[in-house]
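Coordinate inspection notes
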Amino acid sequence: MARETDLIVIGAGPVGENVADRARAAGLDVVIVERELVGGECSYWACVPSKTLLRSPAALRAAQRVPGAAEAVTGALDVEAVLRRRDAFVSNWSDEGGAAWLASVGIELVRGHGRLDGERRVVVEHADGTTTTLVARHAVAIATGSDAAMPRIDGLAESRPWTSREATSAEAVPARLAVIGGGVVGVEMATAYAGLGAEVTVFARGGLLSGMEPFAGDAVADGLRELGAVVHLGVTPDRVARDDAGEVVLTLPGGEELRFDEVLVATGRTPRTDDLGLETVGLEPGEWIDVDDALVARGVDGDWLSAVGDVTHRALLTHQGKYQARAAGDAIAARALGRPVDDAPWGAHVATADHRAVPSVVFAEPEVASVGLTESAARESGLEPRVVEVGLDSVSGTGIHSDGPAGRAKLVVDADRGVVIGATFVGQDVAELLQAATIAIVGEVPIDRLWHAVPAFPTVSEVWLRLLEAYGRPGAAA
Ligand SMILES: Cc1cc2nc3c(=O)[nH]c(=O)nc-3n(C[C@H](O)[C@H](O)[C@H](O)COP(=O)(O)OP(=O)(O)OC[C@H]3O[C@@H](n4cnc5c(N)ncnc54)[C@H](O)[C@@H]3O)c2cc1C
Ligand SMILES: NC(=O)c1ccc[n+]([C@@H]2O[C@H](COP(=O)([O-])OP(=O)(O)OC[C@H]3O[C@@H](n4cnc5c(N)ncnc54)[C@H](O)[C@@H]3O)[C@@H](O)[C@H]2O)c1
């Protein structure tokens, strides 16, 4: 017999959990389906383990850049302790805590692989081959996330490459690590493993972090080289093979062969939709799920099917997926309870910020924090932005914070409206500068008013004052 419920969520990653939580908090009966671990990629093989691997080497470097503290650092990094700390943060890959939380808020967990089976029906295949049929009275939400993409490089798939999963869960640090891909995963994992003592070589087919302001990728390439990594820009290996001794051999376009212990593939993501029954509701398996701003799937009759998080390809970030989930979960509950849906831009039930203000931090050396449009993206969208750029060495707080390289900051301003539409900060610990920029963009705070938001002295946040000075003060004689 089929189990009836109000809402079925497929995928208990951070995003699925949040859709379920919002709908349950509104009083809906909710079932969530998970085939691996409650908590998803982010908790076990992505955000959490990658940031714990990065943190210890970064803390060590930070201390080494402050005279007095530097002299007190006399030992080497304890790699084993870093790995054990990572294990603790991923709960040794146990989702007992996540499952207990679901139970505590009254969300029923069904373990197994979920597939759509027509409108509002999901069939779950359990590990023992048995199945459970679920029927939703109101809605189904897909939050199945994404997998690492495998580029078509001769021999690569057969050479047992690392993906982000192996890189974040490794039990030992390889002596020589090749990284293919110059995006966020490639850069962060290269930084982590260089910090943990590996000889790292990065192959990027273009520059590093190519969707960001160019000075960000340049600074990160310099930073990686400073850590001892070799960075090849504009180079993709032609061929990869693992030999009988277990070594990985990369053949470069000129024929040169380079040998490594492991090769990490970090060339983007692919949606987990190939075995999800999408064809039973008129959608294409293997494709990202196209949704409107209220996270309702386009191309499906009615408003019963939502999709959230990575699987929509709107913004492949945990915090932004959770933002979508809050809107989608509340919208599903509003529809189910016959309450109004607020789907005007910036309404309670839409993810408007996905188009205007997606904050992201790359935990590289140096850190890169960005939100909104880059200068070139603003121009491509038809705007003629005014940009201002300053060095972080113009700020006293930066010098006190660290003797290391200072970094840079840039604002992209829609001069017609007098509001910030993009911001990028590069430097040590700039991650914490980002929320101010996100608030300025989302709140459309006029530049004239930003002059009244005074950063404390001597903080790194005083870079905001330097940026405003570079932009110009309203009412100033000159
Ligand atoms: C190395 C790395 C580092 C990252 N670091 C950060 C970071 O620092 N900050 C950040 O914001 N983002 C980071 N990200 C991105 C972040 O991990 C994702 O955006 C986030 O995990 C997406 O959440 P999700 O819930 O949409 O998908 P997922 O976390 O992938 O969860 C989807 C869940 O659905 C389950 N599932 C899939 N198909 C089915 C099915 N058919 N039936 C049942 N269950 C199913 C999966 O098992 C999984 O548990 C990182 C990504 C990587 C790869
Ligand atoms: N700190 C964070 O917030 C964080 C950390 C890691 C990942 N993430 C998220 O995960 C997503 C995936 O990260 P990613 O680094 O895998 O993807 P990405 O899109 O950031 O970078 C992919 C890189 O691979 C290259 N590439 C693509 N196809 C290739 C091919 N065929 N041959 C050679 N190179 C190729 C691209 O040029 C690019 O440099 C990111 O978009 C990001 O949103 C976030």
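This one's a predicted model, so the numbers in the text were calculated from it and none came from an experiment. (Residues numbered from 1 in each chain as written. Chains lettered and ligands numbered in written order. Predicted model: local features only at pLDDT ≥ 70, side-chain atom pairs only at ≥ 80, totals over all residues.)

A short note on the site of ligand 2
Taken together, the neighbourhood of ligand 2 is formed by 24 residues, with Pro151, Gly181, Gly183, Val185 and Leu316 sitting nearest. The greatest single-element share of the shell around ligand 2, amounting to four residues, is contributed by helix H8 (residues 184–195). Here the shell around ligand 2 is composed, by residue class, of 11 nonpolar, 10 polar and three charged. (Near = placed C-beta within 6 Å. Helix = DSSP H or I, 4+ residues; strand = E, 2+ residues; numbered from the N terminus. Nonpolar A, V, L, I, M, F, W, Y, C, P; charged D, E, K, R; others polar.)

A short note on the environment of Val445
Mapped onto the elements of the fold, Val445 is located in the loop between helix H14 (434–442) and helix H15 (447–450). Linking Val445 and Val420, residues 25 residues apart in sequence, is a C-alpha distance of 7.6 Å.

A few points about the environment of Gly404
With respect to the helices, strands and loops of the structure, Gly404 is situated in the loop between helix H13 (396–401) and strand S20 (408–414). Residues Gly404 and Gly347, spaced 57 residues apart in sequence, show a C-alpha to C-alpha distance of 43 Å. The residues contacting Gly404, other than those within four sequence positions of it, are Arg65 and Gln428. (Contact = placed C-beta atoms within 7 Å.)

Comments concerning the sheet that holds strand S8 (residues 176–180)
Ordered in space as S10-S9-S8-S14, the four strands form an open sheet in which the pairing is parallel. Because the sheet does not close on itself, it has two edges, and the strands there are strand S10 (230–233) and strand S14 (262–265). Here the strands of the sheet are splayed against their neighbours by 15° on average, with no regard to which way each runs. Relative to S14, S8 is paired through four bridges, and the arrangement is parallel. Paired with Ile180 across the strands is Val265, a residue of S14. Contacts from H8 reach S8, strand S9 (199–204) and S14 within the one sheet, and its direction differs from that of S9 by about 165°. (Pairing = 2+ DSSP bridges. Axes fitted to C-alpha atoms, helices over the stretch in contact; angles between N-to-C directions.)

Comments concerning the nonpolar core
Of all hydrophobic cores here, the largest spans 145 residues; its most connected members are Val9, Ala141 and Val179. A total of eight residues in this core trace back to one element, the largest contributor, which is H8. In this view, Ala141 contacts Leu7, Val9, Val19, Ser306, Val308, Ala328 and Ile332; residues no more than four positions away in its chain are not counted. (Core = buried A, V, L, I, M, F, W, Y, C linked by C-beta atoms within 7 Å. Buried ≥ 20, exposed ≤ 12 C-beta atoms within 10 Å, placed from the backbone.)

Observations regarding the UniProt feature "domain: FAD/NAD(P)-binding" (unreviewed entry) in the protein
Mapped onto this numbering, the UniProt entry annotates "domain: FAD/NAD(P)-binding" (unreviewed entry) at residues 6–319. When the span residues 6–319 is considered, its composition is 30% helix and 24% strand, and the gap between its end C-alpha atoms is 26 Å. (UniProt positions renumbered as here; feature names shortened; annotations may be inferred.)

Details of the site of ligand 1
What surrounds ligand 1 is a group of 37 residues, the closest being Gly11, Gly13, Gly40, Gly145 and Gly309. Class assignment for the residues of the shell around ligand 1 results in 14 nonpolar, 16 polar and seven charged. Residue assignment places the shell around ligand 1 across two domains, with domain 1 (3–39 + 95–147 + 270–354) and domain 2 (157–267) each supplying three or more. (Domains from an automatic or database assignment.)

Observations regarding the pairing of strand S18 (residues 367–372)
When you tally the buried positions in S18, you get six out of six residues, the bulk of the element. Where strand S17 (residues 360–362) meets S18, three bridges bridge the pair, whose relative direction is antiparallel. Bridging from a neighbouring strand, Val362 pairs with Val368 of S18. Where S17 hands over to S18, the hairpin turn is made up of four residues, counted between the paired strands. Note: S18 against strand S21 (residues 419–427), six bridges, orientation antiparallel. The residue of S21 that forms the bridge with Gly372 is Gly422.

Examining unusual backbone geometry
Put simply, Glu365 and Pro366 share a cis peptide bond, and its omega is 5°. Inspection of the secondary structure assignment puts Pro366 in the loop between S17 and S18. The linkage connecting Phe457 with the following residue, Pro458, adopts the cis geometry, with an omega of 0°. You can see Pro458 is positioned in the loop between H15 and helix H16 (463–471). We note that Leu209 has phi near 50°; this positive angle belongs to a residue other than glycine.

Re the domain arrangement of the protein
Splitting the protein by domain gives domain 1 (3–39 + 95–147 + 270–354), domain 2 (157–267) and domain 3 (366–471). If you average the C-alpha positions of domain 2 and of domain 3, the two centres end up 31 Å apart. Contacts between domain 2 and domain 3 engage eight residues on the former and nine residues on the latter. Here the side of domain 2 that touches domain 3 is built from residues that sort into six nonpolar, one polar and one charged.

Overview of the packing of helix H1 (residues 14–25) against helix H10 (residues 318–336)
Relative to each other, H1 and H10 sit at 30°, their axes nearing to 7 Å. Accordingly, the angle class assigned to the pair H1 and H10 is roughly parallel. Considering the relative orientation of H1 and H10, their crossing is right-handed. Taking contact as the criterion, the partners of Pro14, Val15, Asn18, Val19, Asp21, Arg22 and Ala23 in H1 are, on H10, Thr318, Gly321, Lys322, Gln324, Ala325, Arg326, Ala328, Gly329, Asp330, Ile332 and Ala333. In terms of residue class, the contact of H1 with H10 is built from eight nonpolar, five polar and five charged. (Parallel < 35°, antiparallel > 145°, perpendicular 65-115°, else oblique. Left-handed = near helix turned anticlockwise from the far one by under 90°.)

Remarks on the confidence of the model for the protein
If pLDDT is low for a region, its predicted coordinates should not be looked at in detail. Across the protein, the average pLDDT comes to 97, with 100% of residues at 70 or higher. Reported confidence for the predicted complex is 0.98 by ipTM and 0.97 by pTM. (pLDDT = per-residue confidence, 0-100.)

Observations concerning the UniProt feature "binding site: FAD" (unreviewed entry) in the protein
As annotated by UniProt and renumbered to match this structure, "binding site: FAD" (unreviewed entry) occupies Lys51, Gly114, Thr144, Gly145, Ser146 and Asp310. Spanning 260 residues, the named residues do not form one spatial group; their C-alpha atoms are separated by as much as 30.1 Å. Residue placement: Thr144 occurs in the loop between strand S6 (131–142) and strand S7 (146–148). Position of Asp310 relative to the elements: it lies in the loop between strand S16 (305–307) and H10. For Asp310, a count of 31 C-beta atoms within 10 Å corresponds to the buried category. Every residue in contact with Asp310, bar those within four places of it in the chain, is listed here: Gly145, Ser146, Arg269, Leu316 and Gly321.

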